[in-house]
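# Observations on the model geometry
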Amino acid sequence: RASLPSGFRHLPGHFDRPAQEALVAELRQVITEAPLFTPVMPRTGKPFSVRMSNCGPLGWVSDLRGYRYQPLHPVTGRPWPAMPAVLTALWTELAPDAPPPEACLINFYTGDARMGLHQDRDEDTFDAPVVSVSLGDSALFRIGGQKRNDPTLSVRLASGDVALLGGAARLAFHGIDRLYPGTSTLLRDGGRINLTLRRVTRAA
Ligand code: MD3
Ligand code: FE
């Protein structure tokens, strides 16, 4: 593949170390209120290797019944915690014309956790971009085209990096092939956090 899909922007080191530490402190509070859960694949019940939580009005979940967004944590039954203000500010900076984000999915990777090639299509609208923030150990991200068998390109995502997926990239197949353990000291016990900010419903 000669180039990344148009609409993919990688902003290496967008957050400096102090900003990353402040964000992790806020995420620890979020996870205390909305504990990480292990989603399972629809129909098969096969567990994801990534654990997840969410903040914001809606959260993405996967269980035997399917993938969907819902306002309540699947285990505690409580509403998702509010999105940290630094994340809504990031969205406004990068997607000034989009309606506000409704969901921030928190993916937590350890060891050999990975995420297979997939499209994000559980939202009611693809007009807004997805904004991603990486924290902790680096990971090998792979992105292709709008068809599963389109050629792919790999990009290493490091702590503090932001990625913006809009336009043609919004429906691109993508995944995480592997972590690079021990590449960051941000998280005491290692691992990687990825945040994805999303608009889910059509704007009023
Ligand atoms: C390209 N997360 O949560 S973030 C996901 O690092 C997801 O945890 C990965 O894929 C992670 O769905 C990748 C970068 C990303 C996020 C959303 C996208 C790339 C994307 C949506 C469309 C195309
Ligand atoms: Fe995705």
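Up top is the structure these notes are about.
Owing to the predicted nature of the structure, the values given are computational and were not obtained by experimental measurement. (Residues numbered from 1 in each chain as written. Chains lettered and ligands numbered in written order. Predicted model: local features only at pLDDT ≥ 70, side-chain atom pairs only at ≥ 80, totals over all residues. Heavy atoms only, no water.)

This part covers the coordination of the iron ion (ligand 2). Coordination of the iron ion (ligand 2) by the protein is provided by His118 (NE2), Asp120 (OD) and His174 (NE2), with metal-donor distances spanning 2.0 to 2.2 Å. On the basis of relative accessible area, His174 is assigned to the buried category, the value being 16%. (Donors = N, O, S within 2.8 Å, 3.2 Å for Na, K, Ca; no water. Buried < 20%, exposed > 50% of the residue type's maximum accessible area, 1.4 Å probe, protein only.)

The next point concerns the site of ligand 1. Around ligand 1 there are 19 residues in total, and Asn107, Tyr109, His174, Arg192 and Arg198 lie nearest to it. Asp120 places a side-chain nitrogen or oxygen 3.2 Å from an oxygen atom of ligand 1. The protein chains hide 98% of the 500 Å² of surface that ligand 1 would expose on its own. Elements with a contribution of two residues or more to the shell around ligand 1: β5 (103–109), β6 (115–118), β7 (130–136), β11 (174–180) and β12 (192–198). The greatest single-element share of the shell around ligand 1, amounting to 4 residues, is contributed by β12. Grouping the constituent residues of the shell around ligand 1 by class yields 9 nonpolar, 6 polar and 4 charged. (Near = heavy atom within 4 Å. Polar contact = N/O pair within 3.5 Å; in protein donor to acceptor, adjacent residues only side chain to side chain. Areas by Shrake-Rupley, 256 points an atom, 1.4 Å probe, with all protein chains shown as cover. Helix = DSSP H or I, 4+ residues; strand = E, 2+ residues; numbered from the N terminus. Nonpolar A, V, L, I, M, F, W, Y, C, P; charged D, E, K, R; others polar.)

A few words now on the pattern of salt bridges. Throughout the structure, instances matching the rule amount to 8 salt bridges. Taking the shortest distance from any N to any O, the salt bridge between Arg142 and Asp177 comes out at 2.8 Å. Of the two residues, Arg142 is situated in strand β8 (residues 138–143) and Asp177 in strand β11; the sequence distance between them amounts to 35 residues. For Arg142, a relative accessible area of 25% corresponds to the partly exposed category. Within this structure, Asp120, Glu123, Arg170 and Arg198 form a network of salt bridges that share partners. (Salt bridge = Lys/Arg side-chain N within 4 Å of Asp/Glu carboxyl O.)

Once that is clear, we can look at the sheet that holds strand β9 (residues 153–157). Strand-to-strand pairing in sheets goes through backbone hydrogen bonds, with the strands running parallel or antiparallel. The strand order across the open sheet formed by 4 strands is β6-β11-β8-β9, and the pairing between neighbours is antiparallel. At either margin of the open sheet sits one strand with a lone partner, and together these are β6 and β9. Across the sheet, the mean angle separating the axes of adjacent strands is 25° when strand polarity is ignored. (Pairing = 2+ DSSP bridges. Axes fitted to C-alpha atoms, helices over the stretch in contact; angles between N-to-C directions.)

An order of β1-β10-β7-β12-β5-β2 is seen for the 6 strands of this open sheet, with the pairing classed as antiparallel. With one partner strand each, in any of the chains shown, β1 (8–11) and β2 (51–55) form the two edges of the open sheet. Averaged over all neighbouring strand pairs, the angle between strand axes comes to 20°, with direction disregarded. Relative to β12, β7 runs antiparallel, the two sharing 6 bridges. Bridged to Leu135 within β12 is Ile193. In the packing of helix α1 (residues 17–33) onto the sheet, contacts are made with β2, β5, β7 and β12, and the angle to β7 comes to roughly 100°. (Contact = heavy atoms within 4.5 Å.)

Here we come to the environment of Leu157. Considering the arrangement of structural elements, one finds Leu157 in strand β9. Given the relative accessible area of 4%, Leu157 is considered buried. Not counting residues within four places of it along the chain, the set of residues in contact with Leu157 comprises His10, Ser134, Ser138, Ala139, Phe141 and Arg192.

What follows deals with the state of the cysteines. Taken as a whole and assessed by the stated rule, the structure comprises 0 disulfides. Left without a disulfide partner, Cys55 is nearest to the cysteine sulfur of Cys104, which lies 3.9 Å away. (Disulfide = S-S within 2.5 Å.)

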